[in-house]
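Listed below are the residues making up each chain.
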Amino acid sequence: MAQHEAQDLTQAVIDRLADCTDPRFKQLMSALVRHAHAFVREVELSEAEWIAAIGFLTETGKTCDDKRQEFILLSDTLGISMLVVAINQLKAARAFQAAGGGASTPTEATVQGPFYWEGAPELELGSDIGEQMPGEPAYYHGTVTDTTGKPIANCCLDVWSGDGEGVYDMQMGDDAGMRLRARFHTDAQGRYRFWSIKPSFYPVPDDGPVGEMLRRMGRHPNRPGHIHMKVYAPGHQPVTTHLFVADSPYLDSDAVFGVRNSLIVPFSAHAPGTAPDGRHMNIPYHSASYDFRLVPAA
Ligand code: BEZ
Ligand code: FE
C-alpha cells in the first residue's frame, strides 16, 4: 500500500528502520519519531507553526560560530542538558551502589556551560585568580576524598567563573586572555585552597534566537552566582560541577535548571584581618568551604 493514513504514518516511518544495523541508533530514531509525531498530534501543529519552528532552528544554527553554541544554549534552557547530566549520574550512582558503594554520596554533577577553556594555567595552592578583577575577594577551601572518605592527593580542580559582575573572560574582548580560571592540585592530604571573587548572578547570552524564545516564554535569562569546576584524578570518575552562592538571587529559577541543593554553599563574610591561610586582608572578604567526593573508577 503506497498511501499511509495519518494514524499509520508513525509506524510506517519506524518500519523503514528495518534494515538499520546499529541497534542503539535504531532505538534512538524510533523513539524520536514516536515522540515527535505524538507532539505534532497533541498540539495539532499548523503548517505555519512548523515553518516558524524550522525558521527558529535555522536562525539557531546561523548564530553558532567557534565561540558561540546556540544549540547547546537551547538544550540548556529547555532543561535537556541538565536531564542528560542527571540521568547519567544516576546511572553511575546505581552501578556504584550495586558494586558495594561507599559511606558517602558522591558530589553531584551539573551543566558545563559554554565558558570552559581547556588549558587554564596550573597554579600553586593558595594563588589568587581574582586579583584586579571586579568583585569581592573570596577564599575557597576544602578537601577531595573518595566516597569512603580517603583523601585524594594530587587531584586536579580545573576552576572557572565570571567576575563579580557576572562577566567571563571570554566575554571581555579578544585581548583579555584567560582570567578567573586555573588548575589547582590537592596536597598530600587531599586539601585545596585558592582565592578568587564571590561570583555574581548573570544572564546567559540572550541576544540571539534563544533569548527571543525565553522572552516569548515569559522567562528571565539569569543564572544564580556560581563557580565552575572539573574535579578529576586518576582512578576516579571525574565530575563537572559548580558551587552555588547560597545568598544569590535566582537559585530557585536558574535559566538552565543546573542548581542542586547539595551544591549550594554559604559564603561567610569576614571583616578585614588575617585570613585562614595567613594572608592579611585590608578589605572585607568571604570564605566558602566545600568537600568534593569522587567515585572510584570501576
Ligand atoms: C554557565 O554557567 O557558564 C552557563 C551554563 C549554561 C548556559 C550558559 C552559561
Ligand atoms: Fe557559569
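In the block above lies the structure referred to throughout.
Residues numbered from 1 in each chain as written. Chains lettered and ligands numbered in written order. Predicted model: local features only at pLDDT ≥ 70, side-chain atom pairs only at ≥ 80, totals over all residues. Heavy atoms only, no water.

### Concerning the site of ligand 1
Thought 1: For ligand 1, the full set of nearby residues is Leu 73, Asp 76, Gly 113, Pro 114, Phe 115, Tyr 168, Tyr 202, Val 204, Arg 223, His 226, His 228 and Val 256.
Thought 2: Between ligand 1 and Tyr 202, the relevant distance is 2.6 Å, taken from an oxygen atom to a side-chain nitrogen or oxygen of the residue.
Thought 3: Interatomic distance of 3.0 Å between a side-chain N/O atom of His 226 and an oxygen atom of ligand 1.
Thought 4: In isolation ligand 1 has 260 Å² of accessible area, and contact with the protein removes 100% of it.
Thought 5: The cavity that encloses ligand 1 is the largest cavity.
Thought 6: Taken together, the elements giving at least two residues each to the shell around ligand 1 come down to helix H4 (70–77) and strand S7 (226–232).
Thought 7: Looking at side-chain class alone, the shell around ligand 1 contains seven nonpolar, three polar and two charged residues. (Near = heavy atom within 4 Å. Polar contact = N/O pair within 3.5 Å; in protein donor to acceptor, adjacent residues only side chain to side chain. Areas by Shrake-Rupley, 256 points an atom, 1.4 Å probe, with all protein chains shown as cover. 1 Å grid on protein atoms, 1.4 Å probe; cavity = no way out; pocket = protein on both sides within 12 Å on 5 of 7 lines; lining within 4 Å. Sits in = over half its atoms within 2 Å of the grid points. Helix = DSSP H or I, 4+ residues; strand = E, 2+ residues; numbered from the N terminus. Nonpolar A, V, L, I, M, F, W, Y, C, P; charged D, E, K, R; others polar.)

### Topic: the coordination of the iron ion (ligand 2)
Thought 1: Around the iron ion (ligand 2), the protein contributes the donor atoms Tyr 168 (OH), Tyr 202 (OH), His 226 (NE2) and His 228 (NE2), at 1.9 to 2.1 Å from the metal centre.
Thought 2: Taken together, the six donor atoms coordinating the iron ion (ligand 2) and their angles of 54 to 165 degrees define a geometry best described as irregular.
Thought 3: Counting the intervening residues between successive donors of the iron ion (ligand 2) yields the motif Y-x33-Y-x23-H-x1-H. Of this pair, Tyr 168 sits in the loop between strand S2 (156–160) and strand S3 (181–185) while Tyr 202 sits in strand S5 (residues 202–203); the two residues are 34 residues apart in sequence, bridging distant segments of the chain. (Donors = N, O, S within 2.8 Å, 3.2 Å for Na, K, Ca; no water. Tetrahedral: all angles 85-135°; square planar, octahedral: opposite > 155°, others 65-115°.)

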